[in-house]
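Given next are the chains, with one letter for each unit.
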Amino acid sequence: MSDGLIMHLSGPFQSYGGPAQANLRPTYRQPTRSALTGMIACCLGRERDADNTDLAQLSYTVRVDRPGTILADFHTIGGNHDPVFGLTTAEGKTRDAPIVSTRYYLSDAAFTLAVTGPTPVLDLTAQALTHPVWAPYLGRRSCPPDTPLLLTRSDHALEDLDHIPLHRPTHHTGPVTYVHDSAPTLAAPSSSQFHDQPVPGHHRAWTTRPIWEQQRTIPAPNGGLGTAWLNALADHLGIPTPAKEDHL
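These notes cover the structure that comes with them. Here the structure is a predicted model, which is why all the values come from computation and not from measurement. (Residues numbered from 1 in each chain as written. Predicted model: local features only at pLDDT ≥ 70, side-chain atom pairs only at ≥ 80, totals over all residues. Heavy atoms only, no water.)

1. A word on the side chain of Ser34
For Ser34, the position within the fold is in helix α1 (residues 33-44). Within the structure, Ser34 has its side chain in polar contact with the side chain of Thr32 (distance 3.3 Å). Beyond its immediate sequence surroundings of up to four residues, Ser34 is in contact with Asp196, Pro198 and Trp206. (Helix = DSSP H or I, 4+ residues; strand = E, 2+ residues; numbered from the N terminus. Polar contact = N/O pair within 3.5 Å; in protein donor to acceptor, adjacent residues only side chain to side chain. Contact = heavy atoms within 4.5 Å.)

Set out below in C-alpha coordinates:
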(Lines give C-alpha, C1' and ligand atoms only; values in the text may rest on other atoms or scores of the structure.)
Protein backbone atom coordinates (compact mmCIF):
# COMPACT_ATOMS: atom_id res chain seq x y z
CA MET A 1 0.00 0.00 0.00
CA SER A 2 1.26 3.51 -0.85
CA ASP A 3 -1.03 6.15 0.63
CA GLY A 4 -1.01 9.09 -1.73
CA LEU A 5 -2.64 11.46 -4.18
CA ILE A 6 -3.03 11.51 -7.94
CA MET A 7 -2.40 14.98 -9.39
CA HIS A 8 -2.69 16.25 -12.93
CA LEU A 9 -0.91 19.21 -14.54
CA SER A 10 -1.98 20.42 -17.97
CA GLY A 11 -2.51 23.77 -19.64
CA PRO A 12 -1.63 25.78 -22.74
CA PHE A 13 1.75 26.62 -21.18
CA GLN A 14 3.90 25.36 -18.33
CA SER A 15 7.43 26.32 -17.28
CA TYR A 16 9.71 24.59 -14.78
CA GLY A 17 12.82 26.70 -14.55
CA GLY A 18 16.28 25.22 -14.74
CA PRO A 19 19.51 27.08 -13.91
CA ALA A 20 19.30 30.52 -15.55
CA GLN A 21 22.15 31.91 -17.62
CA ALA A 22 22.16 35.73 -17.68
CA ASN A 23 18.87 36.63 -19.39
CA LEU A 24 18.16 33.10 -20.62
CA ARG A 25 15.42 31.35 -18.61
CA PRO A 26 15.16 27.65 -19.62
CA THR A 27 12.57 25.11 -18.58
CA TYR A 28 12.89 21.46 -17.69
CA ARG A 29 10.67 19.09 -19.66
CA GLN A 30 8.93 17.77 -16.53
CA PRO A 31 7.65 19.38 -13.33
CA THR A 32 10.43 20.00 -10.81
CA ARG A 33 10.36 19.36 -7.08
CA SER A 34 10.81 23.06 -6.34
CA ALA A 35 7.87 23.96 -8.62
CA LEU A 36 5.62 21.34 -7.03
CA THR A 37 6.58 22.45 -3.52
CA GLY A 38 5.89 26.06 -4.49
CA MET A 39 2.57 25.12 -6.09
CA ILE A 40 1.33 23.36 -2.95
CA ALA A 41 2.67 26.14 -0.71
CA CYS A 42 0.80 28.66 -2.87
CA CYS A 43 -2.44 26.69 -2.42
CA LEU A 44 -1.78 26.69 1.33
CA GLY A 45 -1.40 30.48 1.30
CA ARG A 46 2.20 30.41 2.49
CA GLU A 47 4.59 33.29 1.90
CA ARG A 48 7.62 32.83 -0.37
CA ASP A 49 10.02 32.59 2.60
CA ALA A 50 7.84 30.11 4.55
CA ASP A 51 9.30 26.93 6.03
CA ASN A 52 8.20 24.04 3.79
CA THR A 53 10.01 21.28 5.65
CA ASP A 54 6.77 19.30 5.85
CA LEU A 55 6.26 19.42 2.07
CA ALA A 56 9.83 18.19 1.55
CA GLN A 57 8.64 14.81 2.86
CA LEU A 58 6.53 14.25 -0.26
CA SER A 59 7.77 12.08 -3.13
CA TYR A 60 6.66 12.44 -6.75
CA THR A 61 6.44 10.01 -9.65
CA VAL A 62 5.66 11.86 -12.89
CA ARG A 63 3.91 10.19 -15.82
CA VAL A 64 4.38 12.14 -19.06
CA ASP A 65 1.03 11.95 -20.85
CA ARG A 66 2.02 14.55 -23.44
CA PRO A 67 5.62 15.86 -23.50
CA GLY A 68 4.64 19.12 -25.21
CA THR A 69 6.94 21.26 -27.28
CA ILE A 70 9.45 23.91 -26.24
CA LEU A 71 8.37 27.49 -27.02
CA ALA A 72 10.67 30.53 -26.73
CA ASP A 73 9.28 33.92 -25.70
CA PHE A 74 11.27 37.12 -26.35
CA HIS A 75 10.39 39.04 -23.18
CA THR A 76 10.85 42.73 -22.36
CA ILE A 77 9.97 44.67 -19.21
CA GLY A 78 9.72 48.46 -19.12
CA GLY A 79 12.22 50.98 -20.38
CA ASN A 80 11.25 54.55 -21.28
CA HIS A 81 12.36 58.05 -20.32
CA ASP A 82 8.74 59.18 -20.16
CA PRO A 83 7.48 58.63 -16.58
CA VAL A 84 3.98 57.93 -17.92
CA PHE A 85 5.07 54.93 -19.99
CA GLY A 86 8.23 53.87 -18.19
CA LEU A 87 8.57 51.13 -15.59
CA THR A 88 8.65 52.52 -12.05
CA THR A 89 11.18 50.81 -9.79
CA ALA A 90 10.84 50.13 -6.07
CA GLU A 91 12.80 53.34 -5.44
CA GLY A 92 10.19 55.38 -7.32
CA LYS A 93 12.50 56.03 -10.31
CA THR A 94 11.81 55.31 -13.97
CA ARG A 95 13.84 52.59 -15.68
CA ASP A 96 15.48 53.95 -18.83
CA ALA A 97 16.52 50.66 -20.47
CA PRO A 98 14.21 47.63 -20.78
CA ILE A 99 14.98 44.30 -19.16
CA VAL A 100 15.29 41.82 -22.02
CA SER A 101 15.17 38.04 -21.58
CA THR A 102 14.29 34.89 -23.47
CA ARG A 103 11.95 32.64 -21.52
CA TYR A 104 11.11 29.08 -22.46
CA TYR A 105 7.80 27.29 -21.96
CA LEU A 106 6.31 23.85 -22.49
CA SER A 107 3.38 24.15 -24.86
CA ASP A 108 0.46 21.67 -24.74
CA ALA A 109 2.08 19.32 -22.20
CA ALA A 110 0.23 17.10 -19.72
CA PHE A 111 1.51 15.21 -16.68
CA THR A 112 -0.14 12.86 -14.19
CA LEU A 113 1.61 12.41 -10.84
CA ALA A 114 1.55 9.99 -7.95
CA VAL A 115 2.33 11.85 -4.73
CA THR A 116 3.28 9.79 -1.67
CA GLY A 117 4.38 10.67 1.84
CA PRO A 118 3.19 10.91 5.46
CA THR A 119 -0.59 10.85 5.79
CA PRO A 120 -0.85 14.20 7.68
CA VAL A 121 1.08 15.98 4.91
CA LEU A 122 -1.04 14.31 2.23
CA ASP A 123 -4.20 15.40 4.08
CA LEU A 124 -2.90 18.97 4.20
CA THR A 125 -1.95 18.88 0.51
CA ALA A 126 -5.30 17.42 -0.60
CA GLN A 127 -7.21 20.12 1.29
CA ALA A 128 -5.03 22.85 -0.19
CA LEU A 129 -5.34 21.59 -3.78
CA THR A 130 -9.12 21.30 -3.44
CA HIS A 131 -9.61 24.68 -1.72
CA PRO A 132 -6.56 26.82 -2.60
CA VAL A 133 -5.94 30.06 -0.72
CA TRP A 134 -4.15 31.57 -3.74
CA ALA A 135 -4.70 30.59 -7.37
CA PRO A 136 -2.15 27.94 -8.41
CA TYR A 137 -0.12 28.11 -11.59
CA LEU A 138 2.14 25.75 -13.54
CA GLY A 139 5.60 27.14 -12.86
CA ARG A 140 4.88 30.79 -13.74
CA ARG A 141 1.91 33.00 -13.02
CA SER A 142 1.17 33.27 -16.74
CA CYS A 143 0.55 29.49 -16.84
CA PRO A 144 -2.83 28.60 -15.29
CA PRO A 145 -3.94 24.95 -15.19
CA ASP A 146 -6.86 23.88 -17.39
CA THR A 147 -7.95 20.92 -15.23
CA PRO A 148 -8.29 20.35 -11.47
CA LEU A 149 -4.89 19.72 -9.88
CA LEU A 150 -6.13 16.93 -7.60
CA LEU A 151 -7.75 13.98 -9.35
CA THR A 152 -8.24 11.60 -6.44
CA ARG A 153 -6.94 10.29 -3.13
CA SER A 154 -5.50 6.80 -3.45
CA ASP A 155 -4.42 3.97 -1.16
CA HIS A 156 -2.31 2.59 -4.02
CA ALA A 157 -1.07 5.74 -5.74
CA LEU A 158 1.93 4.26 -7.54
CA GLU A 159 -0.10 1.32 -8.83
CA ASP A 160 -3.09 3.49 -9.77
CA LEU A 161 -0.84 5.75 -11.85
CA ASP A 162 -0.62 2.90 -14.39
CA HIS A 163 -4.40 2.85 -14.83
CA ILE A 164 -5.55 6.51 -14.84
CA PRO A 165 -6.56 7.36 -18.47
CA LEU A 166 -3.78 9.04 -20.41
CA HIS A 167 -4.45 12.65 -21.38
CA ARG A 168 -3.35 12.25 -24.98
CA PRO A 169 -5.01 11.62 -28.37
CA THR A 170 -6.67 8.23 -28.68
CA HIS A 171 -4.62 7.35 -31.78
CA HIS A 172 -1.26 7.79 -30.05
CA THR A 173 0.61 4.58 -29.40
CA GLY A 174 3.84 3.54 -27.76
CA PRO A 175 5.29 3.46 -24.25
CA VAL A 176 4.94 6.22 -21.67
CA THR A 177 7.79 8.07 -19.95
CA TYR A 178 7.95 7.90 -16.14
CA VAL A 179 10.21 10.17 -14.09
CA HIS A 180 10.98 8.95 -10.55
CA ASP A 181 12.63 10.86 -7.72
CA SER A 182 13.84 7.59 -6.19
CA ALA A 183 15.16 4.44 -7.86
CA PRO A 184 12.23 2.32 -9.20
CA THR A 185 14.38 -0.81 -8.74
CA LEU A 186 17.38 -1.49 -6.51
CA ALA A 187 19.76 -1.81 -9.47
CA ALA A 188 18.46 1.15 -11.52
CA PRO A 189 21.15 3.77 -12.22
CA SER A 190 20.03 7.40 -12.22
CA SER A 191 19.52 8.68 -15.75
CA SER A 192 19.83 12.43 -15.23
CA GLN A 193 19.88 15.23 -12.67
CA PHE A 194 17.61 18.15 -11.80
CA HIS A 195 18.91 21.27 -10.07
CA ASP A 196 15.65 21.71 -8.18
CA GLN A 197 16.04 20.37 -4.64
CA PRO A 198 15.17 23.22 -2.22
CA VAL A 199 17.85 23.82 0.41
CA PRO A 200 16.25 23.85 3.91
CA GLY A 201 16.63 27.18 5.66
CA HIS A 202 17.71 29.05 2.53
CA HIS A 203 15.33 31.26 0.57
CA ARG A 204 15.29 30.49 -3.18
CA ALA A 205 18.32 28.19 -3.03
CA TRP A 206 18.50 24.76 -4.67
CA THR A 207 20.85 21.85 -5.02
CA THR A 208 21.14 18.98 -7.50
CA ARG A 209 19.31 15.65 -7.12
CA PRO A 210 19.25 12.51 -9.27
CA ILE A 211 16.17 11.39 -11.22
CA TRP A 212 15.30 8.09 -12.87
CA GLU A 213 13.56 8.00 -16.26
CA GLN A 214 12.06 4.89 -17.81
CA GLN A 215 9.84 4.01 -20.76
CA ARG A 216 6.94 1.75 -19.86
CA THR A 217 3.97 0.15 -21.57
CA ILE A 218 1.02 0.48 -19.19
CA PRO A 219 -2.62 -0.68 -19.20
CA ALA A 220 -4.05 2.86 -19.00
CA PRO A 221 -6.15 3.72 -22.09
CA ASN A 222 -5.71 6.89 -24.10
CA GLY A 223 -8.57 9.04 -22.89
CA GLY A 224 -8.34 11.65 -25.64
CA LEU A 225 -8.26 15.41 -25.14
CA GLY A 226 -10.55 17.99 -23.54
CA THR A 227 -14.03 16.76 -22.61
CA ALA A 228 -13.27 13.26 -23.91
CA TRP A 229 -10.48 12.85 -21.38
CA LEU A 230 -12.60 14.28 -18.55
CA ASN A 231 -15.37 11.79 -19.38
CA ALA A 232 -12.88 8.91 -19.51
CA LEU A 233 -11.46 10.02 -16.15
CA ALA A 234 -14.96 10.25 -14.64
CA ASP A 235 -15.76 6.75 -15.88
CA HIS A 236 -12.53 5.43 -14.37
CA LEU A 237 -13.17 7.10 -11.02
CA GLY A 238 -16.89 6.30 -11.00
CA ILE A 239 -17.95 9.96 -10.98
CA PRO A 240 -21.20 10.88 -12.82
CA THR A 241 -20.76 13.60 -15.43
CA PRO A 242 -23.42 16.31 -16.02
CA ALA A 243 -24.28 14.77 -19.39
CA LYS A 244 -24.87 11.39 -17.79
CA GLU A 245 -26.90 12.84 -14.94
CA ASP A 246 -29.26 14.41 -17.48
CA HIS A 247 -30.19 10.93 -18.69
CA LEU A 248 -30.74 9.36 -15.26
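Having seen the structure, we can now continue with the description.
2. Side note on the packing of aromatic side chains
Under the counting rule described, the total for this entry stands at two aromatic pairs. Look at Phe13 and Tyr105: their rings are 6.0 Å apart centre to centre, the planes differ by 70 degrees, and that puts the pair in the edge-to-face class. One end of the pair, Phe13, is in strand β1 (residues 4-14); the other, Tyr105, is in strand β7 (residues 99-116), and 92 residues separate them in sequence. What makes Tyr105 buried here is its relative accessible area of 9%. Taking the ring centre of Tyr105 as reference, the NZ or CZ of Arg140 above it sits at 4.9 Å. (Phe/Tyr/Trp six-rings, centres within 6.5 Å; stacked < 30°, edge-to-face > 60°. Buried < 20%, exposed > 50% of the residue type's maximum accessible area, 1.4 Å probe, protein only. Lys NZ or Arg CZ within 6 Å of the ring centre and 35° of its normal.)

3. A closer look at α1
Between its terminal C-alpha atoms α1 stretches 16 Å, which fits the 16 Å expected from twelve residues at 1.5 Å a residue. With ten of twelve residues buried, α1 is to be regarded as a mostly interior element. Buried within α1 are the following residues: Arg33, Ser34, Ala35, Leu36, Thr37, Met39, Ile40, Ala41, Cys42 and Cys43. Here the buried face of α1 lies against β1, β3 (59-66), β7, α2 (119-130), β10 (192-198) and β11 (206-216). Phi turns positive one or two residues past the end of α1, at Gly45, with a value near 80 degrees. (Expected span 1.5 Å × (residues − 1).)

4. Describing the packing of α1 against α2
Contact geometry of α1 with α2 gives a least axis separation of 8 Å together with a crossing angle of 70 degrees. If you check the angle between α1 and α2, you find them roughly perpendicular. From α1, Ile40, Cys43 and Leu44 reach across to α2, where they touch Leu124, Thr125, Ala128 and Leu129. Classifying every residue of the contact of α1 with α2 by side-chain character gives six nonpolar, one polar and no charged. (Axes fitted to C-alpha atoms, helices over the stretch in contact; angles between N-to-C directions. Parallel < 35°, antiparallel > 145°, perpendicular 65-115°, else oblique. Nonpolar A, V, L, I, M, F, W, Y, C, P; charged D, E, K, R; others polar.)

On their own, these measurements won't tell you what the molecule is for.
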